[in-house]
Amino acid sequence: MTFIKIDKKDWEKGLERASQRYGLFGPVRQEQYCVFKALTAGELPDMAVQNTRLSPRSVVYPQSEKMFAFSLDENQTDHHILKEIDKAYPARAVVGLRPCDARAFLLVRPNFDTPEYKDPYWVRSYESTTFVGHACSGPCSTCFCTSAGCGPFHEHGLDVLLADTEEGYLAKVLTEKGEAFMAAAGWETEADAAPDDRMAAMKAAAESKVTAKVSTDRLKEQDTTDLFEAPFWEDVGFSCINCGTCTYVCPTCWCFDIQDETRGLSGIRMRNWDSCMYSLFTLHGSGHNPRNTKTQRVRQRFMHKLKYYVDRYQNGIQCVGCGRCIQFCPVNIDIRRVCDLMNRFEVS
Amino acid sequence: MLSYIDKIKEISRRLLSESKVELVIGFRKGSVVMMNEPCFVRRPEDVGQLVWDGNCGINLANYLTDRKEKIGVIAKGCDSRNIVTHIIENKIRRDQVVIIGVPCQGMIDRRKVQALAESEIRQAIETEDSLRIKGDGFEKTLDKKEMLQQNCAICIHRNPVIYDELAADEVPEQSGVDRYEDVRRIEAMSADAKWDFFEDLLSTCIRCYACRNACPLCYCPTCFVDESQPQWVGKSQDPVDIRTFHFLRAYHCAGRCTDCGACERACPMGIKVRVLTKKLEKDCLELFDWEAGMTPDKRPPLDTYQANDPDEFIK
């Protein structure tokens, strides 16, 4: 494992050099909040931001993505035939994402990338991207990453981990992709003075600042049907207005809907993020809706993240503890409270 | 306003123990700074969890829609006007609700407060007229009046217009308020400038529909954006579809919107969607001398016809 020292004065220059090989993405301030977007020439990622409002999931998996084009013109020989829209996947790098957001891609991956099925859009996009993470030294009050299988210096899913130092950054290069990025940026000065000890100390200090915790130890052993029928769902779901905020700000939500749109005689097939909070999500063609009430939909979201995922993927909960759903829920539904209710539930 | 809570609890306890209602809908303390969560209480011994402070901005009329039980509900001025609208539109019966009126002095805009803080606010302590905020390396006291949601700052109906119980003496209504300064500014723009303004206004929308779902008026069994046969609106991030949603939603609220601010408060992206509904509110006031939700005894302008309705716009 290599540790590289990046001096403040080399930061901008390095990113500029890297931008010749990579399309760069990073957190950028928009009025009161930050989002991830493609950086324009000379634009720097805002490394002061704690958490972006929307996660970087859209960098790999856009909210709306065109997949196929077709023609309805019957004079054309290939009318009504779906044709894949050519998309290029040049090398890209996300600079300044938090470790929780990087781990989120790993939690999402089993949905898009299995030995049997590969979602060509997600997989190509993910594989062409290098993740240069930024360790958290000051977590938000809503962060609970350390008890969600993650942490402020977590490395899984990252190619490089940057930690703030007085001189600039201490970079831990984690993968070959990471090495290639560092070389492209021209950051090559090896850090001296026991960098792994320094990083370990920073890590321990950061972890101690994450005071919010959830307990997840009993989720796996809980009986699915008992949890499903637990009496607390009416109380949990009462305030929910069934908007899609929690699912759209979440880095680990992956559901989408496929739509055809036509204009004149030409059309496209696209996919758009969907949300289990919407009644349309489960509406059958017959008119029947198996999740017709808001309580059922709220239960689905939490059961999926905290029970079904746990049972199916042996990968912990489908949550990295970024706290966005807690911060932005218009009615203050708190996944930490629900997780604890589910974890400690006992059939009476 | 903070002292209302004792009376709110007392009334709620009485209504529940005398079986006048099956549940009381109110607020419990939130888990995030400057947030409370709507909740229901079914047993008199549980009324202790109810809270009242400047973080009760969510419109509770939204939680009454189509409920069948007998319900006690805590209502600020705007909530009470939406309850009136619900009664007019048959979403709840008058004899089904016991309205616990709360004279309101405005709700805190937590995003406005956060914008004034050096880092994340970890604690907020509210008094009658001040708000003390603390976080890593800072602590400051703000004038609560300056920190109100914009719709509260320009509110002219702070007292409930309909109620069965009152949690406190009525508060004086604000006078001399200019409610439509922002609307007039947009009205004065050229068509092109208006287009740019709306494009910019809605550019960050993620179509989570929090604005729609927080609104007590938006109770259609199937919203027009969710219709599939025919499908009126596309579902992508195409700005045309996003604009269609917002403009049509605003029109559906014409003559019904009480400017409770639930939509803006709910928006995770901080979009000022109220400029759309306020324009329609202004039109209803100027054309029909109408303010929504003031009395259950009068039909709203958009579902009545009168021979002397203004028609200058038909030329």
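Just so it is clear, the structure is predicted and the values come from calculations on it, not from any experiment. (Residues numbered from 1 in each chain as written. Chains lettered and ligands numbered in written order. Predicted model: local features only at pLDDT ≥ 70, side-chain atom pairs only at ≥ 80, totals over all residues.)

## Remarks on the overall build of chain B
Along the backbone of chain B there are 10 helices and 8 strands. Taken against the 2.2 N^0.38 rule, which gives 20 Å for 315 residues, the C-alpha radius of gyration of chain B at 20 Å falls within 12% of a compact globule. Projected onto the principal axes, the alpha-carbon positions of chain B cover approximately 60 × 55 × 45 Å. Taking all 315 residues of chain B together, the buried fraction comes to 40%. In chain B, the proportion of contacts linking residues at least 24 apart, taken out of those at least 6 apart, comes to 65%. (Helix = DSSP H or I, 4+ residues; strand = E, 2+ residues; numbered from the N terminus. Rg over C-alpha atoms; globule rule 2.2 N^0.38 Å. Buried ≥ 20, exposed ≤ 12 C-beta atoms within 10 Å, placed from the backbone. Contact = placed C-beta atoms within 7 Å.)

## Some points on the domain arrangement of chain B
Residue and element names in this part refer to chain B. Once the domains are mapped, chain B shows domain 1 (1-107 + 158-175), domain 2 (110-147) and domain 3 (178-301). Here the C-alpha centroids of domain 1 and domain 2 sit 26 Å apart. Each side of the interface is counted separately: domain 1 has 7 residues, and domain 2 has 9 residues. Looking at side-chain class alone, the side of domain 1 that touches domain 2 contains 5 nonpolar, 1 polar and 1 charged residues. (Domains from an automatic or database assignment. Nonpolar A, V, L, I, M, F, W, Y, C, P; charged D, E, K, R; others polar.)

## A look at unusual backbone geometry
All names here are of chain B. Following Q229, the chain continues to P230 via a peptide bond in cis, the omega torsion being 0°. Residue placement: P230 occurs in the loop between α7 (210-214) and α8 (239-252). Despite not being glycine, R207 has its phi angle at roughly 60°, a positive value. With respect to the helices and strands, R207 occurs in the loop between α6 (191-201) and α7. Given 23 C-beta atoms within 10 Å, R207 falls into the buried group. If you check the backbone angles, D289 has positive phi at about 50° while not being a glycine. In this structure, D289 sits in the segment after α10 (274-288). Overall, the presence of 8 C-beta atoms within 10 Å leaves D289 in the exposed class.

## Section: the interface of chain A and chain B
Counting residues at the interface gives 32 residues for chain A, matched by 32 residues for chain B. For the side of chain A that touches chain B, the secondary-structure elements that each account for two or more residues are α9 (245-249), β10 (256-263), β11 (266-273) and α11 (324-328) of chain A. Partitioned by chemical class, the residues of the side of chain A that touches chain B number 12 nonpolar, 16 polar and 4 charged.

## Here's the deal with the sheet that holds strand β8 (residues 165-166) of chain B
Residue and element names in this part refer to chain B. Reading across the sheet, the 5 strands line up as β2-β1-β3-β4-β8 and stay open at both edges, with mixed pairing between neighbours. Each edge of the sheet is formed by a strand with only one pairing partner; in this case those strands are β2 (36-41) and β8. Judged from the 5 bridges that link them, strand β3 (residues 71-75) and strand β4 (residues 97-101) form a sheet pairing that is parallel. Residue pairing in the sheet places I74 in a bridge with I100 of β4. Along the sheet, helix α1 (residues 4-17) contacts β1 (23-29), β2, β3, β4 and β8; its crossing angle with β1, the most-contacted strand, is approximately 145°. Relative to the sheet, helix α2 (residues 77-88) contacts β3 and β4, its axis offset from that of β4 by approximately 160°. (Pairing = 2+ DSSP bridges. Axes fitted to C-alpha atoms, helices over the stretch in contact; angles between N-to-C directions.)

## Quick look at the pairing of strand β4 (residues 64-71) of chain A
All names here are of chain A. Where β4 and β11 come together, 7 bridges link them in antiparallel fashion. Directly across from F68, in β11, lies its bridge partner R269. Of the strand pairs in this sheet, β4 and strand β5 (residues 83-84) are connected by 2 bridges, and their pairing is antiparallel. From the neighbouring strand, A69 faces β5, where its bridge partner is K83.

## Notes on the domain arrangement of chain A
Bring the parts together and some accessible area is lost; that lost area is often taken as the interface size. Residue and element names in this part refer to chain A. Domain annotation for chain A reports domain 1 (2-63 + 89-209) and domain 2 (224-260 + 273-344). The straight-line distance from the C-alpha centre of domain 1 to that of domain 2 is 28 Å. Across the boundary between the two partners, domain 1 contributes 23 residues, which contact 20 residues of domain 2. No other element matches the 8 residues that helix α3 (residues 99-112) contributes to the side of domain 1 that touches domain 2. The residue makeup of the side of domain 1 that touches domain 2, split by class, is 12 nonpolar, 7 polar and 4 charged.

## Some details on the sheet that holds strand β6 (residues 130-135) of chain B
Residues and elements named next belong to chain B. Pairing is antiparallel in the open sheet, where 3 strands are placed in the order β5-β6-β7. Looking at the sheet topology across the chains shown, the edges are occupied by β5 (121-126) and β7 (138-143). Adjacent strand axes in the sheet meet at a mean angle of 20°, parallel and antiparallel pairs treated alike. Pairing between β6 and β7: 6 bridges, direction antiparallel. Its bridge partner lying in β7, I133 is registered against K140.

## Side note on the packing of helix α10 (residues 294-313) of chain A against helix α12 (residues 335-344) of chain A
All names here are of chain A. Contact geometry for α10 and α12: axes closest at 11 Å, N-to-C directions at 60°. If you check the angle between α10 and α12, you find them oblique. Handedness of the crossing formed by α10 with α12: right-handed. For the pair α10 and α12, contact is made by F302, L306 and K307 and by V338, C339 and M342, respectively. (Parallel < 35°, antiparallel > 145°, perpendicular 65-115°, else oblique. Left-handed = near helix turned anticlockwise from the far one by under 90°.)

## Comments concerning the packing of α8 of chain B against α10 of chain B
Residue and element names in this part refer to chain B. Where α8 meets α10, the axes come as close as 9 Å, and the angle between the chain directions of the two elements is 35°. In this structure, the crossing between α8 and α10 has a hand that is right-handed. In this structure, α8 contributes H246, F247, A250 and Y251 to the contact, and α10 contributes L276, T277 and L280. The class makeup of the residues in the contact of α8 with α10 is 5 nonpolar, 2 polar and no charged.

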